[in-house]
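What follows is each chain in one-letter form.
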Amino acid sequence: MNTKTPSRLEKILTSGNLAVTSECGPPRGSDGEVITKKAEMIKDYVDAINITDNQTSVTRLCSLAACIRLKLMGLEPILQMVTRDRNRIALQSDILGAASFDIFNILCLSGDHQKFGDCPQGQNVFDIDSMQLIQTVRHMRDEGKFLGGDAIERPPRMFVGAAANPFADPFEIRVRRLAKKVAAGVEFIQTQCIYNLDKFEVYMKQAGDRGLHEKVYILAGVTPFKSAGMAKYMKNRVPGMDVPDEVVARMSGVPKEKQPEEGIDICVESIQRLKELEGVRGFHIMAIEWEEMVPEIVKRAGLYPRPKIE
Amino acid sequence: MIVAERKPIEEIMGFVRDFKKIIIAGCNECVTVCYAGGKKEVEILASALSMAFMKEGKELEIKEVTLERQCDPEYLEELRGFIYDYDAVVSLACGVGVQFLAEKYLKIPVFPGVNTLFMGVTEEKGVWSERCQGCGQCILGQTAGICPISRCAKRLLNGPCGGSTKGKCEINPELDCAWQLIIDRLKELGRLDDYDTLIPIKDWSTERAGGPRKLVREDLQQ
Amino acid sequence: MRLSYPDSIRIIRLPCTGKVDVIYLLRAFQKGADGVYVAGCLEGECHYLTGNLRARKKVEYAKKILDEVGIGGERLEMYNIAASDGPRFAEIAREMHEKIMALGPNPIKGALREKKAA
C-alpha cells in the first residue's frame, strides 16, 4: 500500500475502509489527566483523535502538548493548528515539535476570531491563512525545506487535512473553496457537522462533478444533540451552521428526558444515510462534552470494530 | 483620508490641567473632513475647555489656530513666531501631525486631541469606514478592487472563512464579509474563475511588521 | 398677539434653525447664559426642508458637550413650533424659564463676574 506518511489514518483511508475520527477538547488548566480520561473512553472506537487548538479563541492547554500525551499513550493524534495565534516561524516550529514525537496528522485551520474568546483585546496573527498552511506543511514534507528555503533535518511526515463547511455562505463558492484546498495540497477533509443532509448531498454531487472525490478523502462531520435547547442554539447562534426546522422539531417533539436518546438516534441515522453517499470516506464525530456517547454511536452505526492496520 | 475622532473632553482636560496658556491647533485636511479637528472643532473644544476650567475657578488662556496641514514642515513654521509664548499645545491633527509638530518644537509639551483610527472613506456624511492598512504591496488588482487585508477581520488572502454568514462577518453582523464582496464583484466582472487561483503567502516585511517605514525618492531630493 | 412671556428671554433670530452651529450654542453658555433653547419649525414643515432636523442633531451634540464640561445639557433644549403659534411660543418661554430658574444660575457665572471685575 502506498501511503505518503506512516499515518494510521492515511492507511485506513487508502485501504478503502471508512475512517472514524473524533475529537477531545483540552482542559482550561494544566491537568493532562483530563485528556487521558477522554481518550480512554473513545480509543477503541476511532482511528484517530483530533485535539482542538484554543477553539473559539478560548485559552486552553495547547493542542501540541495534548497530542504528545495521546501519542505516548499509543494512540493516533490529529494536531489541529490555527493560524490566528502563531506566525510562520512558530507554526513551522510546532510542526517540527509534533513531528519529533511522530505525530503524523495535522488539520490546518484559520481559527475563530479572538473576539469570541476570553481575550478579545488581544492581537491576532494571521501571518498566513489555512490554505497557505496546507501548502506550508506539504512543502516541509515533500520538499524537505523550510519556507525560508533551508533544508529541514528529518522533515515532518504528516498527513495533511483541513476543514470544510458546506453550510457557510456563500454556498455556491463552497465547492470551489474545497477545490482550492485540494490544489493547495490537502489530503483529507473533516466537514462541519451535518444536519441538512439534502444540502450536503448537493455539495457532494458538485464536488464529485469537479473530480474532487478522487483527490481528497472527505470525512463527514456529525454531532449528536443533547437537547432541543442545544439544537436551537446551534441553529440560531452558531455562524455557518445549518440545522433544518424538521430536526429541531424532532428534538422538541420528545419529552426532555428522552431528548438525549433522540439526539443519538438522529446522529446514527445520519451516519447510516451518509454511508451511502458517494465520496464520503468516513466520519468525524464531534460529541462536545459528551465523549462517552462515541462508543455507542460508532457501534450502532455499524462501524465497530475498527480495522486493525499495521 | 485619515479618519480620527476627538478624545473625550475629560481626557483632554486631564492633559492641560496644570497649564495657564495653551494653543489648540487644528488641521485643515483629513480631520476637517471627518469633523474631528478642523477650525470648527478647534472653536468648539476651546469653548468647552474654557467653560470647564471656569467652572473649577481656574483661568485658561487659549489660542486657536488651524494650520493647512501638520505633516509638512512649511505649514508648521507658521507657529514659530508665538508657540513658545505658551505652556502647551493640544493638536487636533492625526497622530502624524501631532508627532511632527512635537518634532519641530521640542521645548513645548504637545498633546493629542484626537484618537487616530484608520485610512478610510466617507461612506456618507457622518459614516467613515476603513479601506487600507498600508501593507506596502497592493493586491487590489487580484481581488476585484476590494482589499482582504483591511476589510477581512482575519486578513485572509484565500477567504472566506467558515464564519461568513449571509454576506456578513462572524464578528459583527453589520460588517460586510470582504470575501463575499470580492466574490460578488468578481462575478459581476465575469471573472469568478480568478477565485480559483491561490494567493501565495504574503511578504509582510513592507508592513508594520518590518519596522517603521520610510520612502526616499532621490530624484526629488534637493 | 400681545401675549406676555418672561423677560428673562433674549431672542436671537435666524433665517432657519438649520443655520445654528454647535459653537453658537456653546458660546452662549460661555458668555453666561443660564439656558438656551432653539425654536424651529414643526418637523416636516421646514421652509428649507431639513434645517430643523439638522438643528436637532446639533442640539443633541451640544447637550453632550455641556454634560461633559459640567454645565449640564438640560440647560439646552430644542422645540418645534409653528411660526404663527403665539400661545405655544409663550408657553415654551414660560416652561424654559421655570426650568432654568429651578436649575439655578450657570455654574460659570461666578468666574465670569470675577473676570469682569478684574
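Since this is a predicted model, take the numbers as computed values, not measurements. (Residues numbered from 1 in each chain as written. Chains lettered and ligands numbered in written order. Predicted model: local features only at pLDDT ≥ 70, side-chain atom pairs only at ≥ 80, totals over all residues.)

Q: I would appreciate a short explanation of the interface of chain A and chain B in the present structure.
A: Often, the extent of an interface is quoted as the loss of accessible area upon association of its parts. On the side of chain B, 22 residues touch chain A, which itself brings 24 residues to the contact. With six residues, the single largest contributor to the side of chain A that touches chain B is helix α6 (residues 171-184) of chain A. (Contact = placed C-beta atoms within 7 Å. Helix = DSSP H or I, 4+ residues; strand = E, 2+ residues; numbered from the N terminus.)

Q: Whenever I open this one, the arrangement of the chains confuses me. Can you help?
A: Contact analysis covers two pairs of chains in contact, and the most contacts occur between chains A and B. A minimum C-alpha distance of 27 Å separates chain A and chain C, which share no contact.

Q: Would you mind showing me how to read the environment of Thr66(B) here?
A: Residues and elements named next belong to chain B. With respect to the helices and strands, Thr66 occurs in strand β3 (residues 61-67). Taking C-alpha positions, Thr66 is 4.2 Å from Gly26, a pair spaced 40 residues apart along the chain. Filtering out sequence-adjacent residues up to four positions away, Thr66 remains in contact with Gly26, Cys27, Asn28, Gly38, Lys39 and Val42.

Q: Is there a simple way to think about helix α3 (residues 39-55) of chain B in this case?
A: An α-helix turns once every 3.6 residues. As a result, residues three or four positions apart point the same way. All names here are of chain B. The terminal C-alpha atoms of α3, which comprises 17 residues, lie 25 Å apart, in line with the 24 Å expected from a rise of 1.5 Å per residue. Burial of α3 is extensive: 13 of the 17 residues sit out of reach of the surface. Gly57 sits one or two residues past α3 and shows a positive phi near 75 degrees. (Expected span 1.5 Å × (residues − 1). Buried ≥ 20, exposed ≤ 12 C-beta atoms within 10 Å, placed from the backbone.)

Q: Mind showing me how you'd approach helix α1 (residues 9-16) of chain B here?
A: Considered for burial, the residues of α1(B) that qualify are Ile9(B), Ile12(B) and Val16(B). End-on, the buried residues of α1(B) take up no more than an arc of 60 degrees, which puts them together on one face. Exposed side of α1(B), more than 90 degrees from the buried face: Glu10(B) and Gly14(B) are the residues found there. Summarising the contacts, the buried residues of α1(B) are in contact with β2 (21-27), α3, β4 (88-91) and β5 (110-112) of chain B together with α2 (51-68) of chain C. (Arc of directions from axis to C-beta.)

Q: Hey, could you run me through the pairing of strand β5 (residues 159-164) of chain A in this one?
A: Regular strands have side chains that alternate between both faces of the sheet. Residue and element names in this part refer to chain A. Burial of β5 is extensive: six of the six residues sit out of reach of the surface. Side chains Phe159, Gly161 and Ala163 of β5 all project onto a buried face; the interleaved residues Val160, Ala162 and Ala164 project onto the opposite face, where all are buried too. Across four bridges, the pairing between strand β4 (residues 105-109) and β5 is parallel. Within the sheet, the bridge partner assigned to Leu107 lies in β5 and is Gly161. Remark: the β4/helix α5 (residues 130-143)/β5 crossover connection has right-handed handedness. Bridge count for β5 against strand β6 (residues 188-193) is four bridges, and the pairing is parallel. For Ala164, the partnering residue across the bridge sits in β6 and is Thr191. With α6 bridging β5 and its parallel neighbour β6, the resulting β-α-β unit is right-handed. (Pairing = 2+ DSSP bridges. Right-handed = clockwise from strand over helix to strand, strands pointing away.)

Q: Explain the packing of α6(A) against helix α7 (residues 197-209) of chain A here, please?
A: The packing of two helices is summarised by the inter-axis angle and the distance between the axes. All names here are of chain A. The interhelical angle for the contact between α6 and α7, taken along N-to-C directions, is 45 degrees, at an axis separation of 10 Å. It follows that α6 is oblique to α7 by the angle criterion. Crossing handedness for the pair α6 and α7: right-handed. Of α7, the residues touching α6 (which contributes Arg174, Val175 and Leu178) are Tyr203, Gln206 and Ala207. (Axes fitted to C-alpha atoms, helices over the stretch in contact; angles between N-to-C directions. Parallel < 35°, antiparallel > 145°, perpendicular 65-115°, else oblique. Left-handed = near helix turned anticlockwise from the far one by under 90°.)

Q: Can you walk me through the interface of chain C and chain B in this structure?
A: Counting from both sides, the interface comprises 15 residues of chain C and, opposite them, 14 residues of chain B. The set of elements that each furnish at least two residues to the side of chain C that touches chain B consists of α1 (22-30), α2 and α4 (109-117) of chain C. By residue number, the principal contributor to the side of chain C that touches chain B is α1(C), which donates six residues. For the side of chain C that touches chain B, the class distribution of residues is 11 nonpolar, two polar and two charged. (Nonpolar A, V, L, I, M, F, W, Y, C, P; charged D, E, K, R; others polar.)

Q: Just to check I follow, could you spell out unusual backbone geometry for this structure?
A: Glycine aside, residues mostly have negative phi, and peptide bonds are mostly found in the trans state. All names here are of chain A. A cis amide bond, omega -15 degrees, links Asp169 with the succeeding residue Pro170. Mapping Pro170 onto the fold places it in the loop between β5 and α6. Following Tyr304, the chain continues into Pro305 via a peptide bond in cis, with omega recorded as 0 degrees. If you trace the backbone, Pro305 turns up in the segment after α11 (294-300).

Q: When you look at the sheet that holds strand β1 (residues 19-24) of chain A in this model, what are you seeing that I'm missing?
A: Pairing between the strands of a sheet comes from backbone hydrogen bonds, and it takes one of two forms, parallel or antiparallel. Residue and element names in this part refer to chain A. Taken in spatial order, the eight strands close into a barrel running β1-β2-β3-β4-β5-β6-β7-β8, and their pairing is parallel. Pairwise comparison of adjacent strand axes, ignoring direction, gives a mean angle of 30 degrees for this sheet. Together, β1 and β2 (48-51) form the strand contacts of helix α2 (residues 33-42), whose direction differs from that of β1 by roughly 155 degrees.

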